[in-house]
Amino acid sequence: MKRFSKKAILITVLVYLLIGAFIAYKIANKSHLDISSTSPQISIEATKLIDEFVIDETTANTKYLDKLIAVNGTISSIKIKDEKGIISLKTDDDFGSILCHLSNEATKNISQLENGQSIQIKGICTGFLMDVILVRCEIIKP
Amino acid sequence: MKYFLSLLTLFLCLNSVQSQERYLTKNGTITFFSKAPIENIEAKNQQVLSIIDTKNGAIAISILMKSFLFEKALMQEHFNENYVESDKFPKATFKGAILNFESISNTPSKFQVKGTITIHGESKEIIIEGLFSKTPSQIIATGDFMINLDDFKVKIPAVVAKNIAKNIKVSFDFNHQPFQK
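Residues numbered from 1 in each chain as written. Chains lettered and ligands numbered in written order. Predicted model: local features only at pLDDT ≥ 70, side-chain atom pairs only at ≥ 80, totals over all residues.

1. Description of the nonpolar core
- Grouped together as the largest cluster of nonpolar side chains are 58 residues, with contacts concentrated most on A:Val71, A:Ile98, A:Cys100, A:Val132 and A:Leu134.
- Apart from residues no more than four positions distant in its own chain, A:Leu134 is found in contact with A:Val71, A:Ile98, A:Cys100, A:His101, A:Ile121, A:Gly123, A:Ile124 and A:Cys125. (Core = buried A, V, L, I, M, F, W, Y, C linked by C-beta atoms within 7 Å. Buried ≥ 20, exposed ≤ 12 C-beta atoms within 10 Å, placed from the backbone. Contact = placed C-beta atoms within 7 Å.)

2. Comments concerning the interface of chain B and chain A
- Listed as interface residues are 15 residues of chain B and, on the opposing side, 21 residues of chain A.
- Elements that contribute at least two residues to the side of chain B that touches chain A include exactly strand E1 (22-34), strand E2 (41-53), strand E3 (58-64) and helix H2 (73-83) of chain B.
- The greatest single-element share of the side of chain B that touches chain A, amounting to three residues, is contributed by E2(B).
- The class makeup of the residues in the side of chain B that touches chain A is six nonpolar, five polar and four charged. (Helix = DSSP H or I, 4+ residues; strand = E, 2+ residues; numbered from the N terminus. Nonpolar A, V, L, I, M, F, W, Y, C, P; charged D, E, K, R; others polar.)

3. Quick word on the environment of A:Lys67
Residues and elements named next belong to chain A.
- Considering the arrangement of structural elements, one finds Lys-67 in the loop between helix H3 (57-64) and strand E2 (68-81).
- On the basis of neighbour count, Lys-67 is assigned to the partly exposed category, with 13 C-beta atoms found within 10 Å.
- Among residues more than four places away in sequence, those in contact with Lys-67 are Gln-41, Ile-42 and Cys-125.

4. With respect to the domain arrangement of chain A
- Domain annotation of chain A identifies domain 1 (1-30) and domain 2 (35-141).
- Computed from C-alpha coordinates alone, the two centres of domain 1 of chain A and domain 2 of chain A are separated by 47 Å. (Domains from an automatic or database assignment.)

5. Comments concerning the environment of A:Ile35
All names here are of chain A.
- Position of Ile-35 relative to the elements: it lies in the loop between helix H1 (6-28) and strand E1 (42-45).
- Under the C-beta neighbour-count criterion, Ile-35 is labelled partly exposed, with 18 such atoms within 10 Å.
- Residues Ile-35 and Ile-75 lie 40 residues apart in sequence; the distance between their C-alpha atoms is 21 Å.
- Leaving out residues up to four positions away in the same chain, Ile-35 has contacts with Leu-68, Ser-103, Lys-122, Gly-123, Arg-136 and Glu-138.

6. Overview of H1(A)
- With 23 residues, H1(A) should reach 33 Å at 1.5 Å per residue; the first-to-last C-alpha distance of 32 Å fits that figure.
- Counted residue by residue, H1(A) has zero buried out of 23 residues, so it is predominantly exposed. (Expected span 1.5 Å × (residues − 1).)

In structure tokens:
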């Protein structure tokens, strides 16, 4: 049996270490889900969404939290806070709406939107306070 | 005349009851920061709900844990899954009262808020100091305070314990507006 030279062993170990380090680096720096290029897992009407949270928050949490969802609705308010757009979608609920916090990219096009317009927005659902909250939202249409 | 006066008084009373008693924000900001040898840990939540009742200075704050956004996806994942277990405990809350609420003016000055903070299903009495100012159109509250992870039974695995400080600095910035339905 041919014995490996010390050099060969050293090189092999180094290569493995490098590969390991590279994978570790990749995992540690894995990027956030790219919302704009991902199609939503669930598509729903604004009123239906808030109803589900009002009726049974725990079940709705397991169903929607951390999921990318598309919501259809009518814009009831548009504002910009700290350079980020926030759009509320009207619901039949007395107090709550769907609050969509737009991504930086989507905020750039906010001036094309107006109250009363119907819209489809996708974003990550983070839960329900007075409103159902979606973050990192992108506008699907118009 | 008497009748008219009493009617007028009644009307005024009703009117004052109807005037704004609640101020709220749905997009308050809370950030937390922890200095660590390898990398600092920082996250921002811009969807905090805070309601102030101007009758008695009561304040109620609700925070969605999943709304804390980190620069690194992995950190966010660990935060939600391993540390605060946000599937089990999706919200953090604070309920309390602003002390000497009546003396808040339009120039920001220091006030204390006393109440109970609940994170990770664990509650703790706390006094927080912040800058408050009030005008008819808004009540602004800003400040920061430290929390200790042990108080809320947030466990940190031994492997990374060195990299994560037990004391975390929490900053808040709320701009409450009169509540209109």
